[in-house]
Every structure is written in C-alpha cells, then in structure tokens.
Amino acid sequence: MASVLVVEDDQFVRSALIRHLTDASHTVRSVGTALEALREVAHVPFDLVILDLGLPDLDGSEALKMLRGITDVPVIVATARDDETEIVRLLNAGADDYLTKPFSVEHLAARMAAVLRRARSGAGEAPTAGVLRVGGLTVDPLRRQAELDGVRLDLTRREFDLLAFLAGRPGVVVPRRELLAEVWQQSYGDDQTIDVHLSWLRRKLGETAARPRYLHTLRGVGVKLEPPGEGARGLEQAR
C-alpha cells in the first residue's frame, strides 16, 4: 500500500477521496492549499500525490512546477480541464498522469496502481546492464544519471526511463505500443504522452524533431535512438 497526499480544497471531494483511499489500506494525509502541499512534501516522503488544479491560493499547474523543484514524487493531477492544450501543459510541467473530473474510484485506483508500479519498478531497477553509451551519450541506470558529451542532463524520472530504455536498444526501432507497455507500463493509451516526453527529451539533447541527432521518429512505426550520423550512413548504404 502507499502513502498518499491528497491536495484538494473541495471538502466533499476531499472527504470522499480520503475515505476511498483509507478503505483501500493506503495511508492518507490531506491539505487544501498549494502552500500546505509544498510544506508536506518537503517533510514527508510520500509515494504519490493527487493534486487538484483549482486551489484557492495558487493554480495547481504552478504548484506542480514548484513540487517538481523539490521532489520527484509521482503526481496524478485531478482536473476538470479536458482540453488537449491543458493536458500537454500538465505533462510538460511534470505530471505523471491525469484524471478528468468527475472520475470513478475504480478509475482512480487503476491509474494509481499504474503510476505506483512504474515508480517502484524504476526505483528497483537492477543495474545488470551497466553503463549505456550511445555516441556522446552516457546513461547510468544504477545511479539514474545521464550525460551528453560529459555534461550532466537534468531529466525527470519519466524522461530518464524513456532515454534509458531506448539507449539499451541503440539503433532499434521501438514501437510506441512497446514504449507504453515497458516505460509507462500501460497496455493502452494515446501517442500524446510519448510525444510530449520525446519533445522535452529532444530539447535537453539539443535537437528537434525536424533536425534530430539521437532521437529519430519513424511515423507510424516507432522511435529509435542512435549516435549522430548513423541514420545518414544507413540511408547512404540503402541507396
């Protein structure tokens, strides 16, 4: 079971969440403002945060960015905002998942289980593969560190998981469905989640989708990671 922080100012919703999570044997603490949430995560090692966006003192998306500045705890955003732009913004800000209100307790339980499974799988990852090197890129699964040309990369947990998975299969085109299953541990989902994380990972690798160096997307097929110049050499050989 997990230690969960519920950040929700609506007392009715808050009480319902606390009751459901407690009945599911989770340990629950709750607050009604963003500042209280920041104080809590600074002092308590939670396994998961459920974050409402409509908080009275600070917009939840700003609170999310502040949370990411002090902790890598998994965050599920609960929001009534269901437009694509908002969802992309939340994922960019560091959300691990999101739920659109209203949602059922069964839906919440399933999303929590998936997020916690991913987090614990990453934390318990065996270092059997050793340090991965692809061109000037170095990925250390044990220390969960990555460097590009000797410079440390500042990656979120999911960005690191995605990079490490691809670095362990250099030059191999990995289908998006496999990425969802292995990195996100989801049997279904849309491509938007993958695209958002790829976009942010590309920025940190100093490249773009139009001018890729390491990350290459094959439309309708999947994604591969390879040293700069490998794709061009492969194209020359194919001619």
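First, a word on scope: everything that follows refers to the structure included in this document. Note that the coordinates shown come from a computational prediction; the quantities given were computed from them, not determined experimentally.

Structural notes on the sheet that holds strand β9 (residues 151-152)
Reasoning step 1: The strand order across the open sheet built from four strands is β6-β7-β8-β9, with neighbouring strands paired in antiparallel fashion. Edge strands, defined here as strands with exactly one partner in the open sheet, are β6 (132-134) and β9.
Reasoning step 2: Pairing geometry for β6 and strand β7 (residues 137-140), over three bridges, is antiparallel. From the neighbouring strand, V134 faces β7, where its bridge partner is L137.
Reasoning step 3: Contacts from helix α6 (residues 157-167) reach β6, β7 and β8 (145-148), with the element oriented near 110 degrees to β7.

Topic: the sheet that holds strand β2 (residues 27-31)
Reasoning step 1: Strand order in the open sheet formed by five strands is β2-β1-β3-β4-β5, with parallel pairing between adjacent strands. Because the sheet does not close on itself, it has two edges, and the strands there are β2 and β5 (97-100). Direction aside, the axes of adjacent strands within the sheet are offset by 20 degrees on average.
Reasoning step 2: Bridging between strand β3 (residues 48-52) and strand β4 (residues 75-79) involves four bridges; their strand directions are parallel. Considered in β4, the bridge of I50 is made with I76.
Reasoning step 3: Strands β3 and β4 of the sheet are contacted by helix α3 (residues 60-70), whose axis makes an angle of about 155 degrees with β3.

A closer look at the nonpolar core
Reasoning step 1: Membership of the largest hydrophobic core comes to 28 residues, with the highest contact counts inside it found for L137, V139, L163 and L179.
Reasoning step 2: When contributions to this core are tallied by element, the ones reaching two or more residues are β6, β7, β8, α6, α7 (176-182), α8 (191-204) and β12 (222-225).
Reasoning step 3: Sort the elements by how many residues they give to this core and α6 lands first, with seven residues.
Reasoning step 4: In this structure L163 touches L137, V139, A146, L153, L155, L201 and L225, once residues within four positions along its chain are discounted.
Reasoning step 5: If you look at the next biggest cluster of nonpolar residues, it comprises 25 residues, including V41, L64, V73 and V75.

Structural notes on the packing of aromatic side chains
Reasoning step 1: Summed over all chains, the structure comprises zero aromatic pairs.
Reasoning step 2: Across from the ring centre of F165, 3.6 Å away, lies the NZ or CZ of R169, which sits over that ring.
Reasoning step 3: Sitting over the face of the ring of W200, R203 holds its NZ or CZ atom 4.9 Å from the ring centroid.

What about helix α2 (residues 34-43)?
Reasoning step 1: Along α2, the residues classified as buried are A34, A37, L38, E40 and V41. For α2, the buried positions fall inside an angular range of 165 degrees around the axis, keeping them on one side. Opposite the buried face of α2, at more than 90 degrees from it, the exposed residues are R39, A42 and H43.
Reasoning step 2: Each element contacted by the buried residues of α2 is listed here: β1 (3-7), β2, β3 and α3.

Calculation criteria
Residues numbered from 1 in each chain as written. Predicted model: local features only at pLDDT ≥ 70, side-chain atom pairs only at ≥ 80, totals over all residues. Heavy atoms only, no water. Pairing = 2+ DSSP bridges. Helix = DSSP H or I, 4+ residues; strand = E, 2+ residues; numbered from the N terminus. Contact = heavy atoms within 4.5 Å. Axes fitted to C-alpha atoms, helices over the stretch in contact; angles between N-to-C directions. Core = buried A, V, L, I, M, F, W, Y, C linked by side-chain atoms within 4.5 Å. Buried < 20%, exposed > 50% of the residue type's maximum accessible area, 1.4 Å probe, protein only. Phe/Tyr/Trp six-rings, centres within 6.5 Å; stacked < 30°, edge-to-face > 60°. Lys NZ or Arg CZ within 6 Å of the ring centre and 35° of its normal. Arc of directions from axis to C-beta.

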